[in-house]
Amino acid sequence: MNISVIVPLYNEEESLPELTAWIERVMKAHGFSYEIIFVNDGSTDRSWQVIEELSRQSAAVKGIKFRRNYGKSPALFCGFERAQGDVVITMDADLQDSPDEIPELYRMITEDGYDLVSGWKRKRYDPLSKTIPTKLFNATARAVSGIHNLHDFNCGLKAYRREVVKNIEVYGEMHRYIPYLAKNAGFTRIGEKVVHHQARKYGKTKFGLNRFVNGYLDLLTLWFLSTFGVKPMHIFGFLGSIMFVLGFVAVVAVGGMKLYDMYHGNPYVLVTDNPYFYLALTTMILGTQLFLAGFIGELIARNAPERNKYLIEKEL
Ligand code: UDP
Ligand code: MG
């Protein structure tokens, strides 16, 4: 099969028939073999009935129904597991992404050799309250992930080589950073294509402004996991050792100064009356704690299933 189209959706009943007809028109015009996987993320409207009806009309339409609303990332993850096409395309259900982009995305993966191609909604039809924070979000994501050629990390329209989606695990709200996940898994040929964007035709957006707070925290998590996820001791042990040594040196200095003054008959204060003593003590305690955090992190990493997960590209 050439292409799997995965569509995560939550309460999008009005858009589904139009979207399906449009995708099928494009696929037939280019002679692709394809499947459309709708992942119904706990919709409370008639979306699932609509999917059932569409699937009766066309064998290419498949559906997965969640028991409740889990989020876009789990929906994508389930779609990825099920996908069979050589190229996997994800798109939103709200008709903001155009299926007309599919043939070119397919060509970029199969002929230009990209692992992942992300859409770039250069001209957006969204309210300003969304487009301005989005610019900031993307700048941060570029800096942290080191993927400097992407303008639009969170675009719903993306294309992947099948191998990519089978080897990354999207969970929580990590769908915003799939290119970063792919890069960390070793899929570094990441490209971008300018895509058409339209205003939402039916329904309303499912994400509020808290997406930016959560998105920022998720980015920190990913950065940490990719940098120290396998070797937590390398950061905690390092910081802990530095703090402990600093504290220890300071304690010795505080005690030494007192002994020196005593010996020479100068006026002196008790070690416990010296504020630096408490600063030094705190530093040593914090250092020990950080060190322990590193050790515990190592114990966890040792039991994590990822500890020896290496993706082999080729073997002879
Ligand atoms: N979506 C989903 N589960 C959710 C929220 C959203 O599957 O909990 C789907 C939604 O139906 C749409 C896509 O994710 O197909 C993108 O959502 P939306 O259009 O609301 O986001 P925006 O375009 O405003 O960023
Ligand atoms: Mg949308």
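Relevant structure appears above.
Just so it is clear, the model here is predicted, and its values are computed rather than measured.

Rules used in this analysis
- Residues numbered from 1 in each chain as written.
- Chains lettered and ligands numbered in written order.
- Predicted model: local features only at pLDDT ≥ 70, side-chain atom pairs only at ≥ 80, totals over all residues.
- Heavy atoms only, no water.
- Buried < 20%, exposed > 50% of the residue type's maximum accessible area, 1.4 Å probe, protein only.
- Helix = DSSP H or I, 4+ residues; strand = E, 2+ residues; numbered from the N terminus.
- Right-handed = clockwise from strand over helix to strand, strands pointing away.
- Pairing = 2+ DSSP bridges.
- Near = heavy atom within 4 Å.
- Polar contact = N/O pair within 3.5 Å; in protein donor to acceptor, adjacent residues only side chain to side chain.
- Areas by Shrake-Rupley, 256 points an atom, 1.4 Å probe, with all protein chains shown as cover.
- Nonpolar A, V, L, I, M, F, W, Y, C, P; charged D, E, K, R; others polar.
- Contact = heavy atoms within 4.5 Å.
- Salt bridge = Lys/Arg side-chain N within 4 Å of Asp/Glu carboxyl O.
- Core = buried A, V, L, I, M, F, W, Y, C linked by side-chain atoms within 4.5 Å.
- Axes fitted to C-alpha atoms, helices over the stretch in contact; angles between N-to-C directions.
- Donors = N, O, S within 2.8 Å, 3.2 Å for Na, K, Ca; no water.
- Phe/Tyr/Trp six-rings, centres within 6.5 Å; stacked < 30°, edge-to-face > 60°.
- Lys NZ or Arg CZ within 6 Å of the ring centre and 35° of its normal.

### Remarks on the pairing of strand β1 (residues 3-9)
Thinking step 1. Counting buried positions over the 7 residues of β1 gives 7, a clear majority of the element.
Thinking step 2. Alternating residues of β1 divide into Ile3, Val5, Val7 and Leu9 and Ser4, Ile6 and Pro8, and every residue in both groups is buried.
Thinking step 3. Each parallel crossover has a hand, and the one from β1 via helix α1 (residues 16-30) to strand β2 (residues 34-40) is right-handed.
Thinking step 4. Sheet topology note: the β1/strand β4 (residues 87-90) ladder contains 4 bridges and is parallel. Residue pairing for β4: Ile6 is matched across the bridge by Thr90.

### Comments concerning the site of ligand 1
Thinking step 1. The full set close to ligand 1 counts 18 residues, and Glu12, Asp41, Asp94, Lys130 and Thr205 are the nearest of them.
Thinking step 2. Taking Tyr10, its main chain carries an N or O atom lying 2.8 Å from an oxygen atom of ligand 1.
Thinking step 3. One of the side-chain N or O atoms of Glu12 is found 2.6 Å from an oxygen atom in ligand 1.
Thinking step 4. When the free accessible area of ligand 1 is taken as 530 Å², the share hidden by the protein chains comes to 94%.
Thinking step 5. Looking at the shell around ligand 1 residue by residue, the class counts come to 5 nonpolar, 4 polar and 9 charged.

### Quick notes on the environment of Asp92
Thinking step 1. With respect to the secondary-structure elements, Asp92 resides in the loop between β4 and α4 (102-110).
Thinking step 2. With relative accessibility at 17%, the residue Asp92 sits in the buried group.
Thinking step 3. When sequence neighbours within four positions are dropped, the list of residues in contact with Asp92 reads Val7, Leu19, Lys72, Asp97 and Gly156.

### Thoughts on the pattern of salt bridges
Thinking step 1. According to the stated counting rule, one finds 20 salt bridges in the structure shown.
Thinking step 2. Across the pair Asp86 and Arg162 runs a salt bridge, and its minimum N-O distance is 3.8 Å. Placement of the pair is Asp86 in the loop between α3 (72-82) and β4 and Arg162 in helix α6 (residues 162-166), with a sequence separation of 76 residues.
Thinking step 3. According to the relative accessible area criterion, Arg162 is partly exposed, its value standing at 32%.
Thinking step 4. The residue Glu298 makes a salt bridge to Lys231 at a minimum N-O spacing of 3.3 Å. With Glu298 in helix α10 (residues 275-303) and Lys231 in the loop between α8 (210-228) and α9 (233-263), this residue pair connects regions lying 67 residues apart in the sequence.
Thinking step 5. One salt-bridge network, in which partners are shared between bridges, spans Glu12, Asp94, Arg200 and Lys206.

### Remarks on the environment of Lys65
Thinking step 1. Mapped onto the fold, Lys65 is located in strand β3 (residues 61-65).
Thinking step 2. Sequence spacing of Lys65 and Ser43 is 22 residues, and the spatial spacing of their C-alpha atoms is 8.7 Å.
Thinking step 3. Excluding residues that lie within four positions of it along the chain, Lys65 makes contacts with Asn40 and Trp48.

### What to know about the nonpolar core
Thinking step 1. In terms of nonpolar packing, the biggest core is built from 35 residues, with Ile3, Val7 and Phe38 touching the most fellow members.
Thinking step 2. Residue assignment for this core shows that the elements contributing at least two residues are β1, α1, β2, α2 (47-57), β4 and α4.
Thinking step 3. Among the elements that take part in this core, α1 stands out by supplying 6 residues, more than any other.
Thinking step 4. If sequence neighbours within four positions are ignored, Ile3 has contacts with Met27, Phe32, Ser33, Tyr34, Glu35, Gly85, Val87, Ile89, Ile102 and Tyr106.
Thinking step 5. Core analysis: the second largest hydrophobic core is formed by 32 residues, Val39, Tyr160, Val165 and Tyr180 among them.

### Observations regarding the sheet that holds strand β5 (residues 116-120)
Thinking step 1. Strand order across the open sheet formed by 7 strands is β3-β2-β1-β4-β6-β5-β7, with mixed pairing between neighbours. Every other strand in the sheet has two partners, leaving β3 and β7 (190-194) as the edge strands with one partner each. Between one strand axis and the next, the sheet turns through 20 degrees on average, direction left out of account.
Thinking step 2. Here β5 pairs with strand β6 (residues 158-161) via 3 bridges, running antiparallel. The partner of Val117 across the bridge, within β6, is Ala159.

### Description of the coordination of the magnesium ion (ligand 2)
Thinking step 1. The magnesium ion (ligand 2) binds to the protein through Asp94 (OD) and Gln96 (OE1); the donor distances cover 1.9 Å. Of the two residues, Asp94 and Gln96, both sit in the buried class.

### Some thoughts on the packing of aromatic side chains
Thinking step 1. Counted by the stated rule, this structure contains 10 aromatic pairs.
Thinking step 2. Geometrically, the ring pair formed by Phe66 and Tyr70 is edge-to-face, given 5.3 Å between the ring centres and 85 degrees between the ring planes.
Thinking step 3. With relative accessibility at 43%, the residue Tyr70 sits in the partly exposed group.
Thinking step 4. A connected cluster of aromatic rings, assembled from ring pairs, spans Trp223, Phe224, Phe228 and Phe236.
Thinking step 5. Sitting over the face of the ring of Phe207, Arg176 holds its NZ or CZ atom 5.9 Å from the ring centroid.

### Regarding α4
Thinking step 1. Here α4 has its buried residues at Ile102, Pro103, Leu105, Tyr106, Met108 and Ile109.
Thinking step 2. Each element contacted by the buried residues of α4 is listed here: β1, α1, β4, β5, β6 and β7.

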